[in-house]
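Fold and contact review
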Amino acid sequence: MITISLRPVGRYWGTISFASTLYLCPILDLLLNDIPVKLQSELRLGLQEALVNAAKHGNNLDPGKLVVVRFSLINNQYWWIISDQGSGFTPSLEDHSDPDDYLPPDEAESGRGMSLLHQIFDQVKWNGKGTELTLCKQVESRRLLSLRR
């Protein structure tokens, strides 16, 4: 089940919530609907990684638990806040350039996902409990033409 609220919540926020699943195509399509085409493939990859982490690692694919995504465009920045109902985790990675340098081989796949988020998004932050991820992507602002001579 997918619940969508495109009415402003707070300051122009839309909300999508869904039962934990890895079938994310319709969710990603909704989240990327108003994103410029040139950014869509990169952001789809990053958002898919974040949603898989919430559903799979956060909620253990429990269909009774929800993933909630709040999203907005504020001052040329796209924002996504992704929450799960899991027990949380403590991100401890300082350097996100090459996860294989500091993770055991069995944890390297997870480290690559985190590294990917940091490469795609301009801001990546978790809440203190590790159940909410905030992502931000800066969009180039259009230059206004000067009418002065």
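Residues numbered from 1 in each chain as written. Predicted model: local features only at pLDDT ≥ 70, side-chain atom pairs only at ≥ 80, totals over all residues. Heavy atoms only, no water.

Going by the annotation in an unreviewed UniProt entry, the name recorded for the chain is Putative anti-sigma regulatory factor serine/threonine protein kinase, with Dolichospermum compactum NIES-806 given as the source organism.

Attention now moves to the overall build of the chain. Across its full length, the chain carries 3 helices and 6 strands. Going from the N terminus to the C terminus, the chain shows its helices and strands as β-β-α-α-β-β-α-β-β. Per-residue burial for the chain yields a buried fraction of 39% across its 149 residues. The contacts in the chain between residues at least 6 apart in sequence include a share of 56% that link residues at least 24 apart. (Helix = DSSP H or I, 4+ residues; strand = E, 2+ residues; numbered from the N terminus. Buried < 20%, exposed > 50% of the residue type's maximum accessible area, 1.4 Å probe, protein only. Contact = heavy atoms within 4.5 Å.)

Okay, the confidence of the model for the chain next. When the pLDDT values of the chain are averaged, the result is 83; 75% of them are 70 or greater. When pLDDT is averaged over each element of the chain, strand β6 (residues 132-138) comes out on top at 97 and strand β1 (residues 2-9) at the bottom at 61. (pLDDT = per-residue confidence, 0-100.)

Another point: the nonpolar core. Ranked by internal contacts, the top residues of the largest apolar core, which has 28 residues, are Leu-31, Leu-47, Leu-51, Trp-80, Ile-82, Phe-121 and Leu-135. Residue assignment for this core shows that the elements contributing at least two residues are β2 (13-19), α1 (25-31), α2 (37-58), β3 (66-74), β4 (77-83), α3 (108-120) and β6. Residues within four places of Phe-121 in sequence aside, it is in contact with Leu-43, Gly-46, Leu-47, Trp-80, Leu-135, Cys-136 and Lys-137. By size, the runner-up hydrophobic cluster in this structure holds 5 residues, among which are Trp-13, Trp-79, Ile-81 and Cys-136. (Core = buried A, V, L, I, M, F, W, Y, C linked by side-chain atoms within 4.5 Å.)

Bringing unusual backbone geometry into the picture now. Residues other than glycine predominantly adopt negative phi, and peptide bonds predominantly adopt the trans conformation. For Asn-75, which is not glycine, the phi dihedral falls at a positive 50 degrees. Summarising the element assignment, Asn-75 is placed in the loop between β3 and β4. Notably, Asn-76 is not glycine yet its phi reads approximately 60 degrees, a positive angle. As for its position among the elements, Asn-76 is in the loop between β3 and β4. Classification of Asn-76 as partly exposed rests on a relative accessible area of 35%.

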